[in-house]
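So you can see what is in the structure, the chains are spelled out below.
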There are 2 protein chains.
Amino acid sequence: MALDRLKQAASHITGQTEPPYPFDPLSESEIEKAVGIIRKEHDNLFFNAVTLWEPRKAEMMAWVADPEHTPRPHRIADVVAIGKGSKVYDGHVDLNEGKLLSWELTEGVQPLITMEDLQIVESVVRKDPKVIEQCGILGIPAEDMYKVYCDPWTIGYDERFGSNVRLQQALMYYRPHVDDSQYSYPLDFCPIFNADTQEIIHIDVPPVRRPVNKAPPNNYHAASIEAEGGYRTDVKPINITQPEGVSFTMDGRIISWQNWKLHIGFNYREGMVLSNITFNDKGNERPVFWRMSLAEMVVPYGNPEHPHQRKHAFDLGEYGGGYMTNSLSLGCDCKGAIHYLDAAFVNRAGAPTTIKNAICVHEEDNGILFKHTDFRDDSVTVTRARKLIISHIFTAANYEYCVYWIFHQDGTVQLEIKLTGILNTYAMLPGEDLHGWGTEVYPGVNAHNHQHLFCLRVDPNIDGPKNTIFQVDAARGAGEVGSKENPYGNAFYAKKTRFETPEQAKSDYDGASSRTWEMSNESKLNPYSHKPVSYKLVSREVPVLLPKENGLVWKRAGFARHAVHVTKYDDSQIHPAGRHVPQTSGEPSEGLPAWIAANPNQNIANEDVVLWHTFGITHFPSPEDFPVMPAEPMTLLLRPRNFFTRNPCLDVPPSYCSVPSGVKQGVSLVDKLSTLAFGGEQKKDCCKK
Amino acid sequence: MALDRLKQAASHITGQTEPPYPFDPLSESEIEKAVGIIRKEHDNLFFNAVTLWEPRKAEMMAWVADPEHTPRPHRIADVVAIGKGSKVYDGHVDLNEGKLLSWELTEGVQPLITMEDLQIVESVVRKDPKVIEQCGILGIPAEDMYKVYCDPWTIGYDERFGSNVRLQQALMYYRPHVDDSQYSYPLDFCPIFNADTQEIIHIDVPPVRRPVNKAPPNNYHAASIEAEGGYRTDVKPINITQPEGVSFTMDGRIISWQNWKLHIGFNYREGMVLSNITFNDKGNERPVFWRMSLAEMVVPYGNPEHPHQRKHAFDLGEYGGGYMTNSLSLGCDCKGAIHYLDAAFVNRAGAPTTIKNAICVHEEDNGILFKHTDFRDDSVTVTRARKLIISHIFTAANYEYCVYWIFHQDGTVQLEIKLTGILNTYAMLPGEDLHGWGTEVYPGVNAHNHQHLFCLRVDPNIDGPKNTIFQVDAARGAGEVGSKENPYGNAFYAKKTRFETPEQAKSDYDGASSRTWEMSNESKLNPYSHKPVSYKLVSREVPVLLPKENGLVWKRAGFARHAVHVTKYDDSQIHPAGRHVPQTSGEPSEGLPAWIAANPNQNIANEDVVLWHTFGITHFPSPEDFPVMPAEPMTLLLRPRNFFTRNPCLDVPPSYCSVPSGVKQGVSLVDKLSTLAFGGEQKKDCCKK
């Protein structure tokens with residue numbers, strides 16, 4: 001039985017509940033309490049966010065190290081609220097003391113757009129006379145306005161309207177039938193919505209008009225597949241069961257699995273936050289990462305024609321990966337034995353609301369962990385791998401992002417992201433020249449080129465917080481072919497560049513040199529290799545930011561200018577494109593560029609540092625991505641290097657082990673359930689070689 | 001019941017067996033027959049290879065198109081045999097006609113080293129007085145010579161000995177106990193073995209001697225893990241079963257799965273060969289690839305000190321990925337319902353021999369295939385993915401290579417390779433300066449830097465054999481920020497470079513531009529996008545060849561000089577480092593460089609072409625890779641682009657589908673076996689939103 005159930009059972013008996021762990025997201029009752037405290041002093045607000053203000057690192061590290069003799073960090077709510085006239089308030093509420101710590105009017109910023117904010121726009125758009133007029137021009141009669149839909153985006157930034165009024169742009173679509181995919185019927189104009197007055201203040205209309213698409217619907221729902229001949233019937237079931245339960249335990253939101261231990265947090269913005277990640281190295285619980293999250297992302301589109309430059313969504317900072325998260329289902333999103341965690345948020349009205357099953361925790365078989373056969377006698381050890389996956393999926397209007405944090409037995413942490421969902425589309429005329437900025441993925445449907453650039457924030461804690469980042473390149477040795485030092489020209493080595501200042505640490509990707517970055521503790525050397533204990537960032541999907549220097553996206557998404565930035569740790573530096581992202585002009589750039597510019601030559605070597613890594617893909621759409629895109633995976637690894645003195649997963653029971661002496665050894669975990677596909681005798685049993 | 005079993009049953013009744021499919025590897029009886037035919041005319045040979053001489057492409061394509069009216073390609077054996085005095089014979093035997101087609105003495109070449117060739121060396125080494133003497137110098141008494149082991153490698157190339165005598169170099173090790181891992185006890189000298197005379201002809205002795213390691217054994221076998229505290233007991237079983245059987249059918253060696261159909265071949269050298277890969281696109285069986293295989297690889301080591309420059313194994317061309325293949329076991333190497341294929345070879349004496357279960361064919365669940373939720377009403381379609389995996393594993397002395405060809409429902413073909421096994425190691429003195437060429441992974445054990453570079457041979461057949469290769473780079477649009485054409489600087493597009501000659505097609509990797517290569521049929525445009533139907537090579541693990549230009553490895557492994565080479569199809573061009581690889585000097589370079597140099601300006605656009613892709617990793621060892629390395633995966637994708645008019649896997653039954661209208665649709669394939677990890681009511685059922 002899991003620890004959390006034991007504690008639950010215990011609390012039923014004693015009537016007492018444990019206080020939340022300091023990293024735990026705010027519960028519904030804590031959100032309610034925070035709102036209540038604010039309302040005592042401030043009124044007429046709608047709430048944008050009430051989230052955990054995470055304990056300050058120094059305070060939390062001290063408490064973690066010695067919880068008996070250290071004050072427990074207070075539960076503090078970080079609040080964003082909006083008043084009349086697009087007035088934005090930032091505040092903090094101490095829940096332990098029941099008091100408002102701060103409450104400030106913040107000028108010239110716009111907090112992110114919530115799901116509720118989005119929902120309002122469509123109904124306004126449908127009733128707006130100028131929108132109705134534009135729809136008429138494209139061939140949609142006024143009585144069909146209920147067939148008109150929009151994906152409301154933040155306006156991003158539009159210099160005509162600035163940052164003081166809260167605005168959304170409505171990307172317009174049409175559905176012949178309510179069940180049709182609207183993305184086959186994009187409309188060519190773009191209304192601008194004022195969130196304060198709840199009205200359309202402007203419509204961007206292109207110089208050349210494109211009537212609504214006449215092509216038949218391109219759907220993927222069950223009725224349409226049935227009409228086209230039905231589903232295939234040759235996918236036989238694969239059953240995945242865990243009759244003895246899972247291999248992990250939960251103590252509240254702290255998970256222990258194999259040698260890993262970590263806290264699973266969640267917030268409205270970053271979605272999953274993993275904290276205090278440690279690895280038990282033969283009884284020694286070694287810190288690895290203090291905190292990891294996807295901190296920001298940007299999806300710039302490549303069509304230079306106005307107003308498409310505004311299409312560059314910061315899905316986390318402008319909408320919130322947590323707010324957009326899916327409620328997951330057994331057997332649909334994950335298979336096996338699943339543990340779900342819910343996510344509580346505030347709604348616009350200030351009431352708590354919960355997304356059930358926001359996070360999925362489960363294990364999967366992962367093929368071969370290691371194997372070696374001695375060619376002399378076929379003596380062999382083969383061991384199967386298991387992985388732990390902590391995941392959530394969020395829907396950003398048309399796209400879905402499936403985020404998987406994967407923990408491996410060998411000490412590797414993997415981040416995998418699958419992109420699926422639907423392409424953002426725009427209208428086109430038959431035969432229109434798309435100038436290479438997009439692809440006709442279906443007649444009359446132009447899907448623009450775009451990038452998905454994610455910013456991973458890693459707060460390393462490699463055997464302690466004082467770490468150094470090295471850039472590592474595979475490099476040829478000195479000496480030409482024929483020289484004494486390199487006669488055959490085969491010398492090569494790992495060239496390391498030590499990062500000493502944030503300015504110097506701005507670094508780009510180099511595929512040819514297999515560039516990686518190592519997070520090292522220089523004060524702790526591996527006893528065998530005499531190299532610093534390290535974790536290496538291995539990331540191979542690292543395109544450059546294609547929007548040009550000093551252009552709109554470059555200015556707003558400063559974090560994406562380089563593959564890696566390194567900063568000295570600062571409690572306040574969480575959001576690399578700024579705390580409030582919508583309608584930032586990028587003049588000056590918020591977040592990372594501002595922090596680095598403030599102190600470009602600060603020492604970051606052998607310091608408490610944060611590594612910011614931008615990775616992703618560049619997507620040139622094609623028809624096979626439509627009407628719904630097969631999941632496109634991308635992945636990166638954080639691998640131990642010189643961290644352990646040997647392979648740390650040798651204690652995973654093998655499927656089979658035989659030795660040259662022939663002495664019968666070990667236990668056999670051979671999977672007796674596997675069978676031959678077409679029956680017959682098994683020709684060979686790995687237990688009887 | 002699978003087709004092959006039906007046919008087997010039928011053959012029992014009729015007494016007739018089907019002739020082998022022309023792509024099928026030679027059977028045991030065919031090998032026997034070929035050897036018999038040769039022996040009628042030639043004697044005193046030992047056999048190096050008797051393998052299928054694949055049908056010529058034109059002949060085979062004609063037969064595949066119309067087997068009723070086209071002569072069936074003959075079964076021809078491609079033979080390599082060695083006579084006294086290292087004399088090498090290449091021959092061909094027509095098995096249908098029962099006659100020797102050709103028999104030639106080939107001067108100055110050495111065919112690959114077989115497992116039997118390897119086995120001989122160790123016994124010779126142990127008895128050689130000079131080797132015994134060297135062991136004595138390192139501290140191993142003569143009576144302990146049975147504790148001395150060697151991994152015999154081909155000599156690669158050593159200018160002192162040339163190419164006319166068949167040589168191996170013996171990488172020397174010691175085992176205190178027969179079950180100890182020898183790689184913790186490397187010896188510092190290197191005997192050279194003459195395979196013809198079966199004697200040691202030379203020993204390379206380093207100027208500084210390194211006595212045998214005194215460190216305790218570093219083992220991973222069951223007894224050693226038990227002695228250290230035993231295996232962990234917290235890995236609960238994950239059961240994977242397929243109660244209704246597999247979703248694929250076999251007709252001999254032709255597999256059909258979902259829309260894919262292909263022939264699974266195998267030979268001693270490349271291992272798996274996949275031929276005539278087609279995708280059934282709504283009833284239309286479209287050709288995609290004519291043939292795919294791993295055609296070569298090289299593992300250069302980065303220590304410039306003599307004789308380590310000789311450590312650059314061509315594991316396929318010098319040893320044979322097929323010859324070294326593992327016999328696989330249910331539940332150990334793969335889980336679920338498995339179909340195995342055996343592999344028949346000739347042995348040294350000319351008798352057929354079979355590796356049972358050489359190839360594993362199985363399916364796996366692959367997470368989410370696609371998903372989209374409408375944020376307005378939470379209507380959602382989520383569909384799980386299945387993949388088909390065709391794999392084999394080969395052991396190249398210390399290392400294992402696990403090769404997985406993976407077919408996806410969305411038309412993607414993936415090649416995944418996992419590296420596991422044991423680092424090649426060399427002796428070192430305590431505190432010795434390794435000069436950055438290696439890492440002390442265990443006291444007294446130096447693991448040298450190395451690369452694993454694989455050469456994938458792709459013979460595309462994108463809607464027919466006439467294809468064109470394009471290099472595709474993500475590129476910024478013209479016009480500076482503020483210009484009329486690119487006011488916000490956000491323009492970007494896919495820049496395509498058309499390859500017209502082999503010389504021009506030599507291309508390197510560019511990670512920053514997310515470089516890919518497209519194989520296109522320019523005469524067939526996608527009806528929607530009006531772009532050529534294509535498959536895109538997406539490969540992100542593409543280090544440069546680190547050994548320098550005009551150095552030994554650069555000369556011998558010409559295929560690795562560039563990420564991509566393209567040649568016009570030629571039946572004889574299969575092996576990019578040459579037909580006989582051991583002891584090639586690289587002067588001139590065999591294989592790809594020679595073919596291209598012979599006709600550098602030949603037209604390759606809209607022609608029958610072959611794409612050669614070199615990918616891999618650069619490995620700087622660390623202690624966690626030892627004493628056995630956790631599997632390190634690398635992967636590449638071949639993805640359809642503008643090939644289909646829409647997502648080709650929309651007919652895969654969804655786990656769940658709901659629509660905005662609320663009309664109940666479709667079937668539900670919800671996995672009813674998934675459960676909550678810690679019991680309790682399921683909070684949410686995806687069928688009842």
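Residues numbered from 1 in each chain as written. Chains lettered and ligands numbered in written order. Predicted model: local features only at pLDDT ≥ 70, side-chain atom pairs only at ≥ 80, totals over all residues. Heavy atoms only, no water.

1. Here's the deal with the relation of the copies chain B and chain A
- Least-squares fitting of chain B to chain A yields an RMSD of 0.0 Å, with the superposition described by an axial translation of 0.0 Å and a rotation of 180°. What the superposition gives is, in effect, a two-fold axis relating one chain to the other.
- Most of the interface of chain B is mirrored in chain A, where 100% of its interface residues again form contacts. (Least-squares fit on C-alpha atoms with pLDDT ≥ 70 in both. Contact = heavy atoms within 4.5 Å.)

2. As for unusual backbone geometry
Residues and elements named next belong to chain A.
- The omega torsion of the bond from H306 to P307 falls at 0°, within 30 degrees of zero and hence cis.
- Relative to the helices and strands, P307 is located in the loop between β14 (284-300) and β15 (312-313).
- Here the residue pair F626 and P627 is connected by a cis peptide bond, since its omega of 5° sits within 30 degrees of zero.
- In this fold, P627 is placed in the loop between β30 (607-619) and β31 (629-641).
- In the Ramachandran plot, H435 falls in the positive-phi region, its phi being about 55° despite a non-glycine side chain. (Helix = DSSP H or I, 4+ residues; strand = E, 2+ residues; numbered from the N terminus.)

3. A few points about the pairing of strand β4 (residues 99-106) of chain B
All names here are of chain B.
- In the sheet, strand β3 (residues 87-94) pairs with β4 via seven bridges, with the strands oriented antiparallel. When the bridges of β4 are listed, G91 appears paired with W103.
- Linking two consecutive strands that pair antiparallel, namely β3 and β4, is a turn of four residues; a positive phi of about 65° is found at G98 within it. (Pairing = 2+ DSSP bridges.)

4. Some details on the interface of chain B and chain A
- The partner chain A presents 208 residues to the 208 residues of chain B that form the contact.
- When the buried surface of chain B facing chain A is broken down by residue, B:Y488, B:F492 and B:F678 rank first, second and third, together holding 6% of it.
- Applying the counting criterion to the chain B and chain A interface returns 20 salt bridges.
- Here the side of chain B that touches chain A takes 13 residues from strand β17 (residues 352-373) of chain B, the largest share from any one element.
- In the side of chain B that touches chain A, the residues fall into 94 nonpolar, 66 polar and 48 charged.
- Summarising the sheet, strand β33 (residues 675-676) of chain A and strand β16 (residues 337-346) of chain B pair through two bridges and their orientation is parallel. Paired with A:T675 across the strands is B:A337, a residue of β16(B). (Buried area = accessible area lost by both parts, 1.4 Å probe. Salt bridge = Lys/Arg side-chain N within 4 Å of Asp/Glu carboxyl O. Nonpolar A, V, L, I, M, F, W, Y, C, P; charged D, E, K, R; others polar.)

5. With respect to the side chain of A:K548
- Within the secondary structure layout, A:K548 lies in the loop between β28 (532-539) and α8 (552-556).
- Exposure remark for A:K548: the relative accessible area of 11% places this residue in the buried category.
- For A:K548, the side chain forms a polar contact with the main-chain oxygen of B:G477, separated by 2.7 Å.
- Within polar-contact distance, the side chain of A:K548 engages the backbone oxygen of B:G479 at 3.0 Å. (Buried < 20%, exposed > 50% of the residue type's maximum accessible area, 1.4 Å probe, protein only. Polar contact = N/O pair within 3.5 Å; in protein donor to acceptor, adjacent residues only side chain to side chain.)

6. With respect to the sheet that holds strand β3 (residues 87-94) of chain A
Residues and elements named next belong to chain A.
- The strand order across the open sheet formed by four strands is β1-β2-β3-β4, and the pairing between neighbours is antiparallel. Each having just a single partner strand, β1 (46-52) and β4 (99-106) make up the two edges of the open sheet. With direction set aside, neighbouring strand axes in the sheet form an average angle of 15°.
- In terms of strand pairing, β1 meets strand β2 (residues 76-83) through six bridges, oriented antiparallel. Note on β2: the bridge partner recorded for A49 is V80.
- Here helix α2 (residues 28-41) sits on the sheet and contacts β1, β2, β3 and β4; the angle it forms with β1, its principal contact strand, is near 130°. (Axes fitted to C-alpha atoms, helices over the stretch in contact; angles between N-to-C directions.)

7. Topic: the sheet that holds strand β22 (residues 438-442) of chain A
Residues and elements named next belong to chain A.
- Here we have three strands laid out as an open sheet, ordered β21-β23-β22, and antiparallel in their pairing. A single partner strand is all that each edge strand has here, and the edge strands are β21 (425-427) and β22. The sheet shows a mean angle of 45° between the axes of neighbouring strands, direction not considered.
- Of the pairings in the sheet, the one linking β21 to strand β23 (residues 445-448) comprises three bridges and is antiparallel in character. Directly across from A427, in β23, lies its bridge partner V445.

8. Observations concerning the domain arrangement of chain A
All names here are of chain A.
- Splitting chain A by domain gives domain 1 (20-106), domain 2 (115-216) and domain 3 (248-422 + 450-619 + 628-641).
- Of note, the centres of domain 2 and domain 3, computed from C-alpha atoms alone, are 36 Å apart.
- Tallying the contact residues gives 27 residues for domain 2 and 22 residues for domain 3.
- In total, about 2,000 Å² of surface goes out of reach between domain 2 and domain 3, with carbon and sulfur atoms giving 55% of it. (Domains from an automatic or database assignment.)

9. Section: the pairing of strand β29 (residues 564-568) of chain A
All names here are of chain A.
- Counting buried positions along β29 gives four out of five residues, so the element sits mostly inside the fold.
- Relative to β30, β29 runs antiparallel, the two sharing five bridges. When the sheet's bridge partners are listed, V566 is paired in β30 with L611.

10. Some words on the state of the cysteines
- On inspection of all chains with the given rule, the structure shows zero disulfides over all chains.
- Not part of a disulfide, B:C649 finds its nearest cysteine sulfur in A:C402, a span of 14 Å. (Disulfide = S-S within 2.5 Å.)

11. A word on the UniProt feature "domain: Copper amine oxidase N2-terminal" (unreviewed entry) in chain A
- Following the UniProt record, one finds the feature "domain: Copper amine oxidase N2-terminal" (unreviewed entry) at residues 22-104 of chain A.
- As annotated, residues 22-104 of chain A has a helix share of 28% and a strand share of 35%, and its two end C-alpha atoms lie 25 Å apart. (UniProt positions renumbered as here; feature names shortened; annotations may be inferred.)

12. A look at the packing of aromatic side chains
- One pass over the structure, following the stated rule, counts 52 aromatic pairs over all chains.
- Relative to B:F345, the ring of B:Y323 lies with its centre 5.1 Å away and its plane at 75°, an arrangement referred to as edge-to-face. In this pair, B:Y323 is assigned in the loop between α7 (315-319) and β16 and B:F345 in strand β16, connecting sequence segments 22 residues apart.
- Judged by its relative accessible area of 11%, B:Y323 is buried.
- Connected via pairs of aromatic rings, a cluster forms that spans A:W260, A:F279, A:F289, A:F407, A:Y535, A:F643 and A:F644.
- Taking NZ or CZ as reference, A:K57 lies 4.2 Å from the ring centre of A:Y569, over its face.
- Positioned above the aromatic ring of B:F643 is the side chain of B:R286, whose terminal nitrogen or guanidinium carbon lies 3.7 Å from the ring centre. (Phe/Tyr/Trp six-rings, centres within 6.5 Å; stacked < 30°, edge-to-face > 60°. Lys NZ or Arg CZ within 6 Å of the ring centre and 35° of its normal.)

13. Some thoughts on helix α5 (residues 129-138) of chain B
Residue and element names in this part refer to chain B.
- Among all positions in α5, only V131, Q134, C135 and L138 are buried. Along the long axis of α5, the arc covered by the buried residues comes to 100°, so they all point the same way. Those residues of α5 that are exposed and aimed more than 90 degrees away from the buried face are P129 and K130.
- At its buried positions, α5 is contacted by α4 (115-127), β5 (148-154), β6 (167-174), β7 (190-194) and β8 (199-204).
- One side-chain oxygen at the N-terminal end of α5 lies 3.0 Å from the backbone nitrogen of K130; it belongs to D128.
- Following α5 by one or two positions, G139 has its phi on the positive side, about 110°. (Arc of directions from axis to C-beta.)

14. Observations concerning the UniProt feature "modified residue: 2',4',5'-topaquinone" (unreviewed entry) in chain A
Residue and element names in this part refer to chain A.
- The feature "modified residue: 2',4',5'-topaquinone" (unreviewed entry), as annotated in UniProt, sits at Y399 in this numbering.
- Looking at the secondary structure, you find Y399 in strand β19 (residues 399-408).
- Taking the relative accessible area as the measure of exposure, Y399 reaches 2% and is therefore buried.
- If we ignore the near neighbours within four places in the chain, the residues touching Y399 are Y301, F394, T420, G421, I422, L423, H450, H452, H619 and M629.

15. Observations regarding the environment of B:H619
- Structurally, B:H619 is set in strand β30 (residues 607-619).
- Distance from B:H619 to B:S529, taken between C-alpha atoms, is 42 Å for residues 90 residues apart in sequence.
- Beyond its immediate stretch of four places on either side in the chain, B:H619 contacts A:R641, B:Y399, B:L423, B:N449, B:H450, B:H452, B:D625 and B:M629.
- Side chain to side chain, B:H619 and B:Y399 meet in a polar contact 3.3 Å long.

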